Amino acid sequence: MKADLHSYLTGGRESLLWKLDGLGEYDIRRPLTPTATNLLGLVKHSAAMEILYFGVVFGRPFEQELPYVGDGAETNADMWASADETREEIVALYRRAIAHADTTIEALALHEVGHVPWWGDAAVTLHHVLVHVIAETQRHAGHADIVRELIDGTAGLLPTNNNLPPVDESWWLGHRQRVEQAALDASKRSS
C-alpha cells in the first residue's frame, strides 16, 4: 500500500514540475486568477508542504528554514516567487524537499505517528499524511494544468502521457464551441 501511495505522490510531483518546462520567467510567475495562482508559486508552496508534512510532523527537520512559512510569515508568501527568487532555486528546493520526504516515507511504517502543530498538535499517521499530501499535490497539479493551458495551450498529465483524447486542434475548437453553446442554451432556459 505504501508503494502505491508513494507512486501517486510521485506522479503529482512530476506533473507539477513539467508545467514549468519551456516557459520563460514571466509566464511561470504571472498570476492568472484573481487569487494570483501561478506556476512557480505552486511549486514553491508544494515544496513547503512536503517539508512541513514529512519533516516537521515526524520530527525530521529539513536542512533549511523557510522564511515564508510559519508564525510571522507574510500571508500567502509561499504561493508566489519574488523577483529575487530564481526558478532554479525553487525547483532545487522542491527536489530537496522531495528527497527529504522520500527518506521519511521509506524510513517509517504507515502506522507511525507524528503531530501536526498547525492542526492543534493532532496526532496523525504516515498513512494519513501521505493521503493528505497526495490530495494536495494532485490538486495543485490540476491548478498548474489549467494555468499552463491558459498560458500557451499545453494541457495534459505528463509529456509521455497527456491523458487527453487523440484529436486535433480543430476538434477541440468544435468541442469548445459545443460546450459554449450548451452553456448559453441552458442560461436562456433558466432565465
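Not measured: the values here are computed from a predicted model.

(A) Quick look at the overall build of the chain. If you tally the helices and strands in the chain, you get six helices and two strands. Taken from the N to the C terminus, the helices and strands of the chain come in the order α-α-α-α-β-β-α-α. Counting only C-alpha atoms and orienting by the principal axes, one finds that the chain spans roughly 55 × 40 × 40 Å. The buried share among the 191 residues of the chain stands at 39%. Restricting to contacts in the chain with at least 6 residues of sequence separation, those with at least 24 account for 73%.

(B) Quick look at the environment of L39. As for its placement among the helices and strands, L39 is situated in helix α3 (residues 39-54). C-alpha of L39 to C-alpha of V147: the two residues are 108 residues apart in sequence and 7.0 Å apart in space. L39 has contacts with K19, L20, L23, D27, I28, A144, V147, R148 and I151, leaving out every residue within four places of it along the chain.

(C) View of the packing of helix α1 (residues 2-18) against helix α4 (residues 87-107). Here α1 crosses α4 at 180°, and the two axes come no closer than 12 Å. As judged from the angle between their axes, α1 and α4 are roughly antiparallel. Counting all contacts with α1, which are made through K2, H6, L9, R13, L16 and L17, the residues of α4 involved are V91, Y94, R95, I98, A101, D102, I105 and E106. For the contact of α1 with α4, the residue count by class is eight nonpolar, one polar and five charged.

(D) Inspection of the pairing of strand β2 (residues 122-125) at higher detail. By the bridge criterion, four bridges tie strand β1 (residues 113-116) to β2 in an arrangement that is antiparallel. Residue H115 lies in a different strand from β2, and its bridge partner there is A123. Where β1 folds back onto β2 in an antiparallel hairpin, the turn is made up of five residues, including G120, whose phi is positive at roughly 70°.

(E) Molecular detail of the packing of aromatic side chains. Using the criterion set out here, one finds three aromatic pairs in the structure. With a centroid separation of 5.2 Å and 85° between ring planes, the pair formed by Y53 and W118 is classed as edge-to-face. You can see Y53 sitting in helix α3 and its partner W118 sitting in the loop between β1 and β2, a full 65 residues away along the chain. Y53 gets classed as buried once you look at its relative accessible area, which sits at 5%. With relative accessibility at 38%, the residue W118 sits in the partly exposed group. Where Y53 meets W119, the ring centres are 5.8 Å apart and the plane angle is 55°; that geometry is what we call tilted. Residue Y53 is located in helix α3, and its partner W119 is located in the loop between β1 and β2; the two are separated by 66 residues in the primary sequence. Cluster of aromatic residues (ring-pair linked, three or more members): Y53, W118 and W119. Over the aromatic face of Y68 sits the side chain of K44, whose NZ or CZ is 4.1 Å from the ring centroid. The aromatic ring of W171 is capped on one face by R178, whose charged end is 5.7 Å from the ring centroid.

Calculation notes
Residues numbered from 1 in each chain as written. Predicted model: local features only at pLDDT ≥ 70, side-chain atom pairs only at ≥ 80, totals over all residues. Heavy atoms only, no water. Helix = DSSP H or I, 4+ residues; strand = E, 2+ residues; numbered from the N terminus. Buried < 20%, exposed > 50% of the residue type's maximum accessible area, 1.4 Å probe, protein only. Contact = heavy atoms within 4.5 Å. Axes fitted to C-alpha atoms, helices over the stretch in contact; angles between N-to-C directions. Parallel < 35°, antiparallel > 145°, perpendicular 65-115°, else oblique. Nonpolar A, V, L, I, M, F, W, Y, C, P; charged D, E, K, R; others polar. Pairing = 2+ DSSP bridges. Phe/Tyr/Trp six-rings, centres within 6.5 Å; stacked < 30°, edge-to-face > 60°. Lys NZ or Arg CZ within 6 Å of the ring centre and 35° of its normal.

Interpretation note: all reported values are geometric properties and have no functional meaning in isolation.
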